[in-house]
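As a plain string of letters, each chain reads:
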Amino acid sequence: MPRQRRKGSDGERGREGRRVGRRERHARLLHQRHLHQRRRAVRAVQGGGGPRAQGQGLRCSCMRMSKSFVPTLKENPADATVASHQLLVRAGFMRQLAAGIYSILPLGQRAIHEITRVVREEMDGIGGQEFYLPALNPREVWEESGRWTVMGENMFRFKDRKGADMCLAMTHEEIFTVLARAEVRSYRQLPQTWYQIQTKFRDEPRPKSGLLRVRQFTMKDSYSFDVDKGGLDKSFEAHRLAYARIFQRCGLATVQVEAHSGAMGGSGSIEFMVMTDAGEDLIASCKNCGYAANTEKAESKVETPNRFAPPGASPDPEEFATPGVVTIEALAQKPYGVPAEQQLKTLVYVGDDKPLVAIVRGDDQLNEAKLQTASGASILRPAHPEEIQKWMGAKPGSLGGLGVKTARVFLDNRLAGLSGLVTGANKDGFHLRNVSVPRDLAHATPADLRTAAAGEGCPRCGSPLEVGKALEVGHIFKLGTRYSESMGARILDESGKEVPIVMGSYGIGIERILAGAVELHHDGDGIQWPMSIAPLHLALLPLQIQDAPVRETAERLYQQMREEGIEALLDDRDERAGVKFKDADLIGLPLRVAIGKKGLAEGKVEWKPRESKEVELVPIGEVVEKARQAVLSGGGRLWR
RNA sequence: CGGGGCGUAGCGCAGCCUGGUAGCGCGCCUGCCUUGGGCGCAGGAGGUCGGAGGUUCGAAUCCUCUCGCCCCGACCA
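Reading the values: the criteria
- Residues numbered from 1 in each chain as written.
- Chains lettered and ligands numbered in written order.
- Predicted model: local features only at pLDDT ≥ 70, side-chain atom pairs only at ≥ 80, totals over all residues.
- Heavy atoms only, no water.
- Axes fitted to C-alpha atoms, helices over the stretch in contact; angles between N-to-C directions.
- Helix = DSSP H or I, 4+ residues; strand = E, 2+ residues; numbered from the N terminus.
- Parallel < 35°, antiparallel > 145°, perpendicular 65-115°, else oblique.
- Contact = heavy atoms within 4.5 Å.
- Nonpolar A, V, L, I, M, F, W, Y, C, P; charged D, E, K, R; others polar.
- Core = buried A, V, L, I, M, F, W, Y, C linked by side-chain atoms within 4.5 Å.
- Buried < 20%, exposed > 50% of the residue type's maximum accessible area, 1.4 Å probe, protein only.
- Near = heavy atom within 4 Å.
- Polar contact = N/O pair within 3.5 Å; in protein donor to acceptor, adjacent residues only side chain to side chain.

Visitor: Break down the packing of helix H3 (residues 83-90) against helix H14 (residues 510-520) for me, with residues and values.
Guide: Closest axis-to-axis distance for the H3/H14 pair is 8 Å, and the angle between their directions is 105°. One element, H3, and the other, H14, form an angle in the roughly perpendicular class. For the pair formed by H3 and H14, the contact residues are Ala83, Ser84, Leu87 and Leu88 on the first element and Leu514, Ala515, Val518 and Glu519 on the second. Here the residues of the contact of H3 with H14 are counted per class, giving six nonpolar, one polar and one charged.

Visitor: Which residues make up the nonpolar core, and what values do they have?
Guide: Counting residues in hydrophobic clusters, the biggest one holds 62 residues, and the most contacted among them are Leu88, Tyr243, Ile246, Phe247, Trp529 and Ile587. Of all the elements, helix H4 (residues 106-125) adds the most residues to this core, at seven residues. In this structure, Ala554, Val593, Ala630 and Leu638 belong to the second largest nonpolar core, which totals 27 residues.

Visitor: An account of the protein's contact with RNA strand B is needed here, citing residue identities and associated values.
Guide: Around RNA strand B there are 51 residues in total, and Arg213, Glu368, Gly509, Asp585 and Glu606 lie nearest to it. Of all atoms in RNA strand B that approach within 4 Å of the protein, 47% are sugar or phosphate atoms. Side-chain polar atom of Arg206 to a phosphate oxygen of RNA strand B: 2.8 Å apart, as the coordinates give it. Separating a base nitrogen of RNA strand B from a side-chain N or O atom of Asp583 is a distance of 3.0 Å. Elements supplying a minimum of two residues to the surface near RNA strand B: strand E2 (94-98), strand E9 (216-226), strand E22 (466-480), strand E25 (502-509), helix H16 (577-587) and helix H17 (597-601). At eight residues, the largest contribution of residues to the surface near RNA strand B is made by H16. Here the surface near RNA strand B is composed, by residue class, of 18 nonpolar, 13 polar and 20 charged.

Have a look at this one:
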């Protein structure tokens, strides 16, 4: 088929020199192509129209099962425990290479393309400009921000042949800041929003759950650069709204929660969470007022009556022997009978190489993220037993905060004002009773240290909080001047004063969207892709491939769909109907059209959306249009 | 990093305790048959038993070391 140039129309005019905007030109091109393909479609229907070489000038890409690499499995892979991992492997979307490292197969890659398309559209929509930065970084930049140390073991590091320290980037604050400081001089050049979609490397101590926690993954990361805090607030809000649209368009219901900022630093952050048991985070939320926070940060209202306080003045602390008792539980038992809520739990940590003591009520859980926030430490870890012995003079199990001078002591807020409590004596085998917080622990810094639990009061409205498991798919941070100060990215403001650029950083885990969508959308038979991110729109199943009318009808529909921009997966394998149905359900394309002898006798084919139970008989001549409508109304896109 | 489990054919597993011929199901190849929800029959190919060392006449099996993977606890898109 000869490809004709259309003369004298749009293309020519562009050459005449009239400035045509890129966008406009692109739209025109699409229109031209559309007309062209329409004509072909008409010809195809009118006759001839047999199978054609794939891709001839068409941008819509379809697939023939017989020629595609889609290795489906009947049985679940042994190591997969969560649905998304099992199904993505079984349906032929990915294979594991090593712990937390996956090869993405053609179907998986197509779905990822759809996701990144949505992400790009929304990022461009808020004025983001796409970059592509190096994943391979020299030590020096990370040294400048201080994160060469902070990132610790989580960063992949090695030496190049000259012996220089290198690393694989976990995120790109540093590199973008280097660009900004080198080129951005004036407030007039701001605000800027820069982003990329790029591979990130993190040497996770424990990769797990398929794509949910891996060591190499794709992240959309963006960075905003503003003159002041007000500008940052605007950039942050723009991202927040864009993220909400991205996840919604990808078929993910998300909740936005207040979050701990961790190694990123900064003043505030919001996480976007998909509620699923496959997730690893715990979030507390209030149905009544909408409060939602990661339990790393969530607060709660709890009643803490001073019920162990002795009448009158509190007697002095008194040592008593507790041989072999090293747990809260044991001290609550028989001979002692000290309820856990009367005890103080004393834990020793090391924050930036200095000892820290944290005290919470015996039945509460210390929240390390909160201790990190309270202490301002950038690296926090539990102390080793030898360190504890050295600083406290006793082993874990007999520790207490009284008289501690070797370490900063932090005390959970709920303990304020209580007395008549029991704690370790910092002497193995002994505890202290009659401990009064105001008198004996006055040297401790009060802080919110305990982990909020389900049923406790919402910090805003007091209604009972719910706690559920969630998967983090996005995280937005107000970095402020954390990086611009340490790395010297300064500009002149309106008054001619040199000020650090105010930054924000915003991340989305691309594969987590993929896996999260599967967690949310599947059934016992397989995946149920949302139209917007489905690898293809429709499965076309000729049920008896040896039957010429069946085969030819399928081929014709395949061709027509392709020309209409509907992405079809034609299962042209010589397999039994059952095999095709099973694979189609497993792969989970949103639409299915089955062509069988029976229906064909009446001039009909079978229509079935993946999530529907019923099959609908549709006249052959109507099915392409029906599919077109379904793709569009489902949030999909024709013509790529 | 602490605790637990598992490495045997492409995939899922048995065999190991009590040392002596490496097996089953699925998948794959050939033929016949069947043809609307992972058909049936017959034949066939395919394995350094994760690796190294040791004990033994003999090791998938017992011992030591090591590597890898999964799960549970401490870290993050």
